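Inside the fold
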Amino acid sequence: MMLSRLLLLSAVALVTLSGSAHGQQKTLKEGQELDTEMYQSLPDFEDKGVMGRIRCGACQASVLEIAYGILQRENNANRPVREVEVVEIMEKVCETNMNKYGLLLDKVTMNPTEQWSNDENALRAKGGYITRIVQGICSDVANDYEEHIVSQAPKLCYVEGDAKKCSTRPLIVDICGAKGFAWCTADSLDASMEASSADGLDAARTGEGDAEADA
């Protein structure tokens, strides 16, 4: 465990400008390594409960990104996506999109939490083992549920008045919940869906907007 965490520390990066901890000003720069306090406060990746929550957030973000990529391509092309396009979309999401995700830093302590975000303006820890986790989970989602995502993605959208709206909840429940990988409990799914709805992500992910997704 010590070796893996040392490797993580040497590779992890922070994306932020500045913050404070314990009443002292802490200046953080992009590409900076975690300091000792942050390093010691990393989530315990060997704890099953912790890893379950981390996998849950990463799974939801992966499904959201993949579904959005497919819906965006279908919306732009005005036709169903082809198999070769699905493979292309999933590879891009897992290699590029998920690389932007990191674990949010607590706004008070500046220590890493268990919550994922790809918001470039947010305080995040990313790189090394953290990035490998989220990209690996994205690959698992793509490899195990490609056909299911392709078949269900068009059913996520509906027309309300003049607007086309999409909800990723059914797909996320199928894949990340008890019927799928079982990384997410009903409570964690409900909390995430409420957050997504409040941020307008379901509506934005129709291919008509460029909203970023938070885990």
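The text that follows walks through the structure, step by step, so that each part is easy to find.

Cut-off values and rules
Along each chain, the written sequence defines residue order, and numbers are assigned to residues from 1. Local features are withheld for residues below a pLDDT of 70 in this predicted model, meaning they are given only at 70 or higher, and side-chain atom pairs are given and counted only at 80 or more; totals for whole chains, interfaces and linings count all residues. Working from all heavy atoms in the structure, the side-chain values ignore hydrogens and water. Cysteine sulfurs are considered disulfide-paired once they come within 2.5 Å of each other. Counting from the N terminus, the helices are DSSP H or I runs at least four residues long and the strands are E runs at least two residues long. Relative accessibility thresholds used throughout: buried, under 20% of the residue-type maximum; exposed, over 50%; partly exposed, between the two (1.4 Å probe, protein chains only). For salt bridges, the criterion is a side-chain nitrogen of Lys or Arg within 4 Å of an Asp or Glu carboxyl oxygen. Contacts were defined at the residue level, with two residues in contact if any of their heavy atoms lie within 4.5 Å. A helix is expected to span 1.5 Å for every residue after the first. The criterion is simple. A nonpolar core is a set of buried Ala, Val, Leu, Ile, Met, Phe, Trp, Tyr and Cys residues joined through side-chain atoms within 4.5 Å.

Some remarks on the state of the cysteines
- On inspection of all chains with the given rule, the structure shows four disulfides.
- Here C59 connects covalently by a disulfide to C176, the sulfurs 2.1 Å from one another. Note on the C59 and C176 pair: the S-S dihedral is about -90°, so by sign convention the disulfide is left-handed. One end of the pair, C59, is in helix α3 (residues 48–77); the other, C176, is in helix α6 (residues 169–176), with 117 residues separating them in the sequence.
- The class for C59 is buried, based on a relative accessible area of 0%.
- Judged by its relative accessible area of 0%, C176 falls in the buried class.
- The disulfide partner of C94 is C138, and the gap between their sulfur atoms is 2.1 Å. Disulfide C94-C138: the torsion about the S-S bond is -80°, which places it as left-handed. Of this pair, C94 sits in helix α4 (residues 83–97) while C138 is found in helix α5 (residues 128–152), placing the two residues 44 residues apart along the sequence. In terms of burial, C94 and C138 fall into one category: buried.
- Taken in N- to C-terminal order, the disulfide-linked cysteines of the protein are connected 1-8, 2-7, 3-4, 5-6.

With respect to the pattern of salt bridges
- Inspection of the entire model under this criterion finds four salt bridges.
- Across the salt bridge formed by E88 and R73, the nearest N and O atoms sit 3.3 Å from each other. On the criterion of sequence distance, the pair formed by E88 in helix α4 and R73 in helix α3 is long-range, its members being 15 residues apart.
- The class for E88 is partly exposed, based on a relative accessible area of 45%.
- In this structure, E85 and R79 form a salt bridge, with 2.9 Å as the shortest nitrogen-oxygen distance.

Concerning the environment of R55
- With respect to the helices, strands and loops of the structure, R55 is situated in helix α3.
- Note: C-alpha distance between R55 and F181 (126 residues apart in sequence) is 9.5 Å.
- Filtering out sequence-adjacent residues up to four positions away, R55 remains in contact with I137 and W183.

Side note on α3
- The first and last C-alpha atoms of α3 sit 43 Å apart over 30 residues, in line with the 44 Å expected at 1.5 Å per residue.
- The buried count for α3 comes to 21 of 30 residues, which makes it a mostly enclosed element.

A short note on the nonpolar core
- Ranked by internal contacts, the top residues of the largest apolar core, which has 51 residues, are C59, V63, I66, W116, V141, I149 and I175.
- When residues in this core are grouped by element, the largest group, 12 residues, is from α3.
- Those residues in contact with V141 that sit more than four places away from it in its chain are C59, S62, V63, I66, E146, I149, I175 and F181.

Honestly, that's just the spatial picture; any functional story needs more than this.
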